[in-house]
Every structure is written in C-alpha cells, then in structure tokens.
Amino acid sequence: MRTDSRGGGGFLVLAGWILLALCGVLGLAVFALRHPFGVAIGGGIAIAFLALMSARRDAWLLCVPALAPVVDLAGWSGAIHLTESDALVMSALLAGSVQAMPAASGRMGVAVEAGGGRAWRFGVVQIAVVGLLGLSYLVSTQWSAMVMAAHDAALWMGYGTALNGPRVAKGFVWAVLLLPLLAQALRDRPQAATRCLVWGLVAGAVLVSLAAVWERWAFTGLSDFASDYRTTALFWEMNVGGATLDGWLALTVPVALWWVLRQRDVGWEAPVLWIGLAVLGLLAYASFTTFSRGLYLGLAVGVVVLLLAMLRRGTWRVSVTNLLAWLVYAGVLLWLLAGVFQTGGYRGAGAMLGLALAVFGAAPVVAVASAHALGGAVVLAFAAAAASVVAMLMIPKGVYLAYALNAVLLGAALFSRWPGGLERWATGVVIALLGWLAVNAVLVSQYWAESGGVLPALFCVLWLLLPLAWVHIRPARCWRPTLHGWVLVSMCLGAITIAVVSLNTYYAATRMERAAADLEGRLGHWSYAASLPSGQGAQWLGVGVGRFAEAYFWQAPEGVFPGSHGLGFDAGNPYLKLGAPRHVLGFGELYRVSQRVSPGVVAPLQLAVRVRAPEADAHLNVEVCRKHLLYEAGCAAGGVRVPKGAAWTTQHLVLDPGRLGGSGSVLPRLTVLSIANESRALLEVDDISLVDAHGRELLGNGHFARGADRWFFTSDRHHLPWHAKNLWLHFFVEQGWLGLAAFLLLCAAALFRLTLGRGAAHPLAPPLLGGLTAFFIVGAFDSLVDAPRLAMLAFLLMFTALGVRGARGRQASIESVQLASGAG
C-alpha cells in the first residue's frame, strides 16, 4: 500500500461527498416516511441497509448488485416509484460518502493499493460521454412531477402519470451518483474493489436464480417445461411484460462463467470448484426457464465473446486446429443427442451424458491398454450387457438399476486405489465397465422409447466412444482428466444439454417455431412506436422519459387500446378508476388491479364493494388466485354487473374456492385478490372488503385513502402498450434523436474501451464485454431500461467499462493472478 495525499484534499471534493451523503439521508427519510407498511418498517429497512453498507469499505459493490434484484416489495406494498432497491442505493451513497470524508478532508491521505493509479481513469472524454446522456435525461424528464407528487396522491398510481418519468430516469441517476464511489474504489483499491464487484454480480445472479427456482417449484414443478409459464423471479417490473429478468441474467451470467473459469489460475480446492459448477447449473436452469429467445441468443453470443476475449488475453493456450475439431465434434454430438432426446427423453439423454463423462475419465486407461486387455474387456462387457437385458425384461425399471450400479462401479474403479496384487487387472476392468455402460445407455434409451430408440442411441454411443479410438492410436495426444478438466467438460456438456432441451421441449420448441411470425408482429409494433414522437412533434427530445405508455395510450389504434387505472376523487373521497380496454378480451388479457392476501385463506370468501358505472353498463371481474405475478395456478372467480348510473351501489359476492387449489406444501404459493374491468365502459370502485370464514379482513387500504398503497397492477398477456420492445428505439421514442445519439455513443465507447482501448488489458474486460454484448442482444428485442434497477446495473457496468484500464505485459499477468487469488 502507498499513500497519495493528492487524491482528495480539496474543499470541493469534501463538499461533493457531503452533498452525496445528504442525498442519501434525505432519500432514506422520504423512503421511511412514505413506506406503505409504516414508518417503523421503512425505517428498519433503511437501518438494516446502512448496517450492511457500513460493514466494510466498498461493501456497496457487493451488496447493491447482490440485493437489488431481490429486495423490492412492490408486489406487496404497491410502491413502484420509491422501492427498497432505491433505499439500498441511498444507503450506499450515505455510507460510502461518510467513509470517504476523512480522506477528502485532508486529515489523512488516501490509501492506495500498489499499482492502483493505473487501474482507473475517467477523463474528459468519459465525462463528456456520460454528460451528454445526462443532458438528454435532464431535458426529457418532467422533474417537476416530484414536487407535485408531494400533494397529489394520484401521481403515485400506475405508469400513466407524470411521476413515471422520474421513476424511469432514476436508474441512470443512481448510476451517476454511484460513479464517484466506483471511481474512488477502482482507483485506490482496484483489486479489492474488483473482487467485491465480481462477488456482488455473481451473488445477484445466484439469488435471482434461486427466486426463479422457487417460482417454478411452487407453481409448475421444476421439471414441467411444457406449460405456458415464463419465469419472472422477483422482478415486479415484469407486471406488464418486459425482459427485466432476461437483462439481469444477460449481464451477470458471463461474469459468473468467467469467475469459475478463472479458478484454474489459483488452484482452488475441489469443493469450491464444484460449488462454482453448481452455480452455473443453477443459472442455466433460470436462463432456460425464461423461454426467452432473445436471452438464449444473447447468452450464446455473449459467452463466445467472453471466451474469445479470454483467449486473446492469453488466459488459455489452445491450438486453433484442436479447438475447431472439438467444436465440430460438439456440434455433431448435439445433433445426435437431440435424436436420443426425441426418442429416449430425459432418461436417454441423461444416460448419454453420463457415458460422456465416463469417456473423459477413462481415456488415459484406454490410451495405454494392450490388445489383450481390450479383448478381455469386450468379452466381460458383453456378458454384463446380457445381465442388463435380463434385468430390463424381468425387473420393473431394472435397466435403470443396472445403469446406476454400472456407474458406481466404474467410478470406484477409476478413483479408488487398487491393492498391489490387483493393479494388473485394473485396465481391463475399467474398459469392461465402460463398455457395459455404453450398452446400458442404449438400453435405457430403448426402454423409455419402447420402440425406435435403438438406432439414435447406438449412433450417439459410437460417436461418444470415437475419441477413445483416437487416443488409443495416439496415446501422446491423450488428455489428463484433471479437476479443472472435469469442470470444463461438465460445463460443455451442460451447454449442449441446454441447447438440446431448448430446441426439443414442447413449449420452447413452439416458441422457436413462432419466431418468424412473432418477428413480423414485432416489426409492425416497432414501426408504430417509431411514429409516436412525430405525432407529438417531439423527434429531437422525444415524448418524455417514462411517457411511452401514455403516448401509446392516446395514440393507439382502437383494437389495441389497453386498460388503465387511476385515482379519482368524489367530494374529497378517493376511489379507484378502471379504464375500459378496447382490445380483444380474454382471461389473460384483462388489466388487473391486485393485492396480496394470505395464502391460508379459509372459505367461504365474502366480498363487498361499492361500484358505479357513469358512462354505460359495466362488469367487474373478481378473482382470488394462486399467483406470483403473471400466471395463475387456480382461481376462485366471480363477477359483478354494474348498471349505468351516477350513484354508488354496494355489491356483495361469495367466491367459491373450489378451483383455488392448495397454498403449497413445501414452498408457499402466493395468493392475490384481483379486480378488472371486463367491459367497454369506465368503472369506478371504492370500499373493497374481503372477509374469510374466520371473519378476518384480508385487504388493506380498501378505501384508497392512502392512494396506491398495497395495490399493484398487471396485464398478464397484453404487453406491447408499455414497451417499445427495442432498447435503442426506446431512447428515440422517449428522448428523441438527442437521447438516441447519446446512448449510442455510450454503448460504442464502452465496447471500444473493452476491445481496442486501454480497458482491454484489464482483468474485468472479458466478463464486462461478454455481459454487455448479451445485454445489447436482449435489448434488440426489449426496452430493458424502463426497469430502473436493471438500468442502474447496466449503466454502472458501462461506466466501469469506460473507466477501467489495464496494465501492459508482465504487470497485467501479475495483477490478473492477484485478482483471481483474492477471489479465492
């Protein structure tokens, strides 16, 4: 460590940190005072976040990326404009600024890691790039809505109000406010700060994926890939569609992959490496169950870019010829494994994957085996195969037992120490067990297929065994099955499996088949969205940040006009207004206003509500559903007919819970009450009450005296009115040519810095480049930055890309290994 007294002694620097701290204090105070669950809960959340941020220096680099995607309670609280992830950022600003003040005051120097000055530079060019986009946000956002919101509760309800502009813009604002903390950390403590950032990104990806696993487990089952159910995790921003989960995974999965691949440089122990492999498996499952074609494409390209960047940096030394040969081999294996999957299902494919791992482990044994040992092994393998056939015919599921026994014996033979007197038999036994496993893999596939499964399985087995023939002919070219090799082969097989399943399960395959038709519809939507600024004469500055939905609402064709909700007042009494939709209505297309209720509701459920329909006869749809966000898993539903009239009437309804289903045995199945306007006329609602058989009132703020508190909203299937469905088109519509040019410049500058600029030599360049590439590809099909916490992460990583710079030559290698060592 060295001390650099020039880094922070000025009064302006100290004033800047004080100003950031005051922003944090003021923001946390507003958050606590406005929290729908009360000041005590809001204050407790703020204090807990502050404690986390104060635990150590630069803790925010770990906590913000890790917790931001999972802490929001908007689905329960109804607060969409000021959320728990905002409080997390404000806590980071307060704690980080206070930690930086002593150094800035000049009473002590700035502790700088050796070589720290080389790791970060945010000069005039970078400031100009960020500043141009900041100018666009400044002029295209209606900031005055923040002042009006203090005395207008209607502004806090939904996406159609002026307050939605500051809500969307805050993603960029948070990233800019965190930039001084980021710059100081990466300049003065580059290795420690980089480790914290990587850990935070990986932890965030893991927590998001665990939330996705919970959702699948609770509502569909982990292995149900045929249902029309796309995972949303804890991203409430997907209440009207969007790709927030896709964007978060796109940014973080390449970082997690890089984190695992890097560990060969530091010699991690086996348990930690297998934990890393389990993390990648978890992330792969979460990514697959989004059923997002854009994410599939983005991650595929992003991972290739990551690997190429690592090769360019010299992380691995790989022969181009060998690499191309193995890529061809993997491509053929993917095709053959798809054939096995189509006939033998998951069991057949799983058997082949087990055989592939066995081939990798047994290759050195086959490479040195004599002809005599090979001949004896073949005879033993056929004898054992005969026993497997008998087991398949005589014992229910006996072939699975045979395969399992075979796999256990082969594992023991490969990894156990043989007694001295039996070592000469080891080669023959291992090869015999491998041959038996190959036959068992064919039998497993045939048993599941019942007919037609032999040939696909046989061809796949022969292809898997082909490398063994090559290493037997050329033993010097045989690989060594090291720990890192096992991890790498497992990852490759996992990627092949995901590709096979993605292309061959019913729902995923159906979505792939609809890609061309969906793209045609998307092109029509893009064309219409691009016309919105010209309709308002706003080509240069756009319709306004956060105003896409409102512009679409007023200019939408009759057939796609969405529903809406807002807060009205009748002689000072607040009530809920449900705007009439104009598109074709189905159960999934309803625009719902909802509130979470206890999963343990006890039937019968008694609903009471005051309603009126001032324009024409209307119909109020009422549901209590087992539902996380967009997809129901059983509902108790009913309806209320409301005749035209200016007078309020009180309606009562008993909901039959027969189709509601259970609340979940292991994991809870969230439950919501939803109301929707199922007519073509305005409907007004007040004083909603839901009481169960125990006399418990299940709803809060049913009289809307606290505005939007506790009430949330969703559009389960009808999503286009809220999204431009393209990242760059989104900037053009909301911020005009100025915003589009500024964002394009930021994207280009970040990518240039990581590929051809000084940032290319930084250890973080490959994962940042892979993550941003995947993010931009997902952004080709969705807006992404209309979710503030995702926008914050994306901008923060782009700012990181702009500022990092790596050392050259030998020093770069030293710093790279130091970073990896610290990560261990």
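Residues numbered from 1 in each chain as written. Predicted model: local features only at pLDDT ≥ 70, side-chain atom pairs only at ≥ 80, totals over all residues. Heavy atoms only, no water.

Chemist: Mind showing me how you'd approach the overall build of the protein chain here?
Modeler: Along the backbone of the protein chain there are 26 helices and 12 strands. Over its C-alpha trace the protein chain gives a radius of gyration of 30 Å, about what one expects of a compact globule, namely 28 Å for 824 residues. Within the protein chain, buried positions represent 57% of all 824 residues. Put simply, 80% of the contacts in the protein chain that link residues at least 6 apart link residues at least 24 apart. For the protein chain, the exposed area adds up to about 33,100 Å²; of that, 67% sits on carbon and sulfur atoms. Computed over 56 positive and 41 negative side-chain charges, the inter-centroid distance for the protein chain is 12 Å. (Helix = DSSP H or I, 4+ residues; strand = E, 2+ residues; numbered from the N terminus. Rg over C-alpha atoms; globule rule 2.2 N^0.38 Å. Buried < 20%, exposed > 50% of the residue type's maximum accessible area, 1.4 Å probe, protein only. Contact = heavy atoms within 4.5 Å. Areas by Shrake-Rupley, 256 points an atom, 1.4 Å probe, with all protein chains shown as cover. Lys, Arg positive; Asp, Glu negative; His and termini not counted. Charge placed at Lys NZ, Arg CZ, Asp CG, Glu CD.)

Chemist: In this structure, what is going on with the nonpolar core? I would like to understand it.
Modeler: Looking at soluble globular proteins, one finds that nonpolar side chains tend to be buried together. Formed by 219 residues in total, the largest nonpolar core has its most connected members in Trp60, Phe795 and Met798. In terms of residue count, helix 13 (residues 320-367) provides more of this core than any other element does, 21 residues in total. With residues near it in sequence (within four places) discarded, Phe795 still touches Leu133, Tyr137, Gly171, Phe172, Ala175, Phe731, Phe743 and Leu746. Judged by nonpolar contacts, the second largest core, of 34 residues, contains Met157, Val597, Ala618 and Trp711. (Core = buried A, V, L, I, M, F, W, Y, C linked by side-chain atoms within 4.5 Å.)

Chemist: Which parts of the structure should I look at to understand a nonpolar patch on the surface?
Modeler: A contiguous nonpolar patch, built from Leu135, Leu138, Val139, Trp540, Leu541 and Trp737 and spanning about 650 Å² of accessible area, is present on the exposed surface. Broken down by element, the residue count for the nonpolar patch peaks at three residues, all from helix 6 (residues 124-140). Here Trp737 lies in helix 23 (residues 727-755). With relative accessibility at 43%, the residue Trp737 sits in the partly exposed group. (Patch = residues over 30% accessible without salt bridge, like charges linked within 9 Å, V, L, I, M, F, W, Y side chains within 5 Å. Salt bridge = Lys/Arg side-chain N within 4 Å of Asp/Glu carboxyl O.)

Chemist: Where do I start with the packing of helix 20 (residues 515-530) against helix 23 in this structure?
Modeler: Packed helices, taken two at a time, are described by the angle between their axes plus the distance between the axes. Following both chains from N to C, one finds helix 20 and helix 23 inclined at 25°, their axes separated by 10 Å at the closest point. By the angle between their axes, helix 20 is roughly parallel relative to helix 23. Two packed elements cross with a definite hand, and for helix 20 against helix 23 that hand is left-handed. Here Trp526, Ala529 and Ala530 of helix 20 come into contact with helix 23, specifically with Leu729, Phe732 and Val733. Looking at the contact of helix 20 with helix 23, its residues break down into six nonpolar, no polar and no charged. (Axes fitted to C-alpha atoms, helices over the stretch in contact; angles between N-to-C directions. Parallel < 35°, antiparallel > 145°, perpendicular 65-115°, else oblique. Left-handed = near helix turned anticlockwise from the far one by under 90°. Nonpolar A, V, L, I, M, F, W, Y, C, P; charged D, E, K, R; others polar.)

Chemist: Whenever I open this one, the sheet that holds strand 4 (residues 573-579) confuses me. Can you help?
Modeler: Strand pairing in a sheet is mediated by backbone hydrogen bonds. Such pairs are either parallel or antiparallel. Here five strands make up an open sheet; going across it, the order is 3-4-11-6-9 and the pairing antiparallel. Both edges of this open sheet fall to strand 3 (564-570) and strand 9 (649-655), since each of them pairs with a single strand only. Averaged over all adjacent pairs, the angle separating strand axes in this sheet is 35°, with direction ignored. For strand 6 (residues 605-612) and strand 11 (residues 683-691), the ladder comprises six bridges, and the chain directions are antiparallel. Bridging from a neighbouring strand, Arg612 pairs with Glu684 of strand 11. (Pairing = 2+ DSSP bridges.)

Chemist: Just to check I follow, could you spell out the side chain of Asp692 for this structure?
Modeler: Along the polypeptide, Asp692 turns up in the loop between strand 11 and strand 12 (712-715). On the basis of relative accessible area, Asp692 is assigned to the buried category, the value being 3%. One polar contact links the side chain of Asp692 to the main-chain amide nitrogen of His694, over a distance of 3.1 Å. A distance of 2.5 Å separates the side chain of Asp692 from the side chain of Arg696, its partner in a polar contact. The residues touching Asp692, leaving out its near neighbours within four places in the chain, are Val601, Val602, Pro604, Leu605 and Leu698. (Polar contact = N/O pair within 3.5 Å; in protein donor to acceptor, adjacent residues only side chain to side chain.)

Chemist: For this particular structure, what's the right way to read the pairing of strand 3?
Modeler: The side chains of a regular strand alternate, first on one face of the sheet and then on the other. The pairing of strand 3 with strand 4 spans seven bridges and is antiparallel. Residue pairing for strand 4: Leu567 is matched across the bridge by Leu576. A loop of two residues connects strand 3 with strand 4, the two strands running antiparallel in sequence, and Ala571 in this loop sits at a positive phi of about 55°.

Chemist: Would you explain the state of the cysteines in this entry?
Modeler: Considering all chains together, one arrives at one disulfide under this definition. Looking at Cys196, it has no disulfide partner, and the nearest cysteine sulfur is the one in Cys63, 8.8 Å off. Overall, the relative accessible area of 4% leaves Cys196 in the buried class. (Disulfide = S-S within 2.5 Å.)

Chemist: Would you explain the layout of surface pockets in this entry?
Modeler: Quantified by volume, the second largest pocket comes out at close to 700 Å³. Taken together, 24 residues form the lining of the second largest pocket, with Gly27, Val30, Leu82, Met146 and Trp174 sitting closest to its centre. Classifying every residue of the lining of the second largest pocket by side-chain character gives 17 nonpolar, three polar and four charged. (1 Å grid on protein atoms, 1.4 Å probe; cavity = no way out; pocket = protein on both sides within 12 Å on 5 of 7 lines; lining within 4 Å. Points joined across faces, edges and corners; volume = space filled by probe spheres on them.)

Chemist: Which parts of the structure should I look at to understand the confidence of the model for the protein chain?
Modeler: Note that predicted coordinates carrying low pLDDT should not be read in detail. Predicted confidence across the protein chain gives a mean pLDDT of 89, with 92% of residues reaching 70 or more. Within the model, the stretch residues 1-8 combines pLDDT values under 50 with 23 contacts to residues more than four positions away or in other chains. With pLDDT under 50 throughout, residues 820-824 is counted as low confidence; its partners more than four residues away or in other chains account for 11 contacts. (pLDDT = per-residue confidence, 0-100.)

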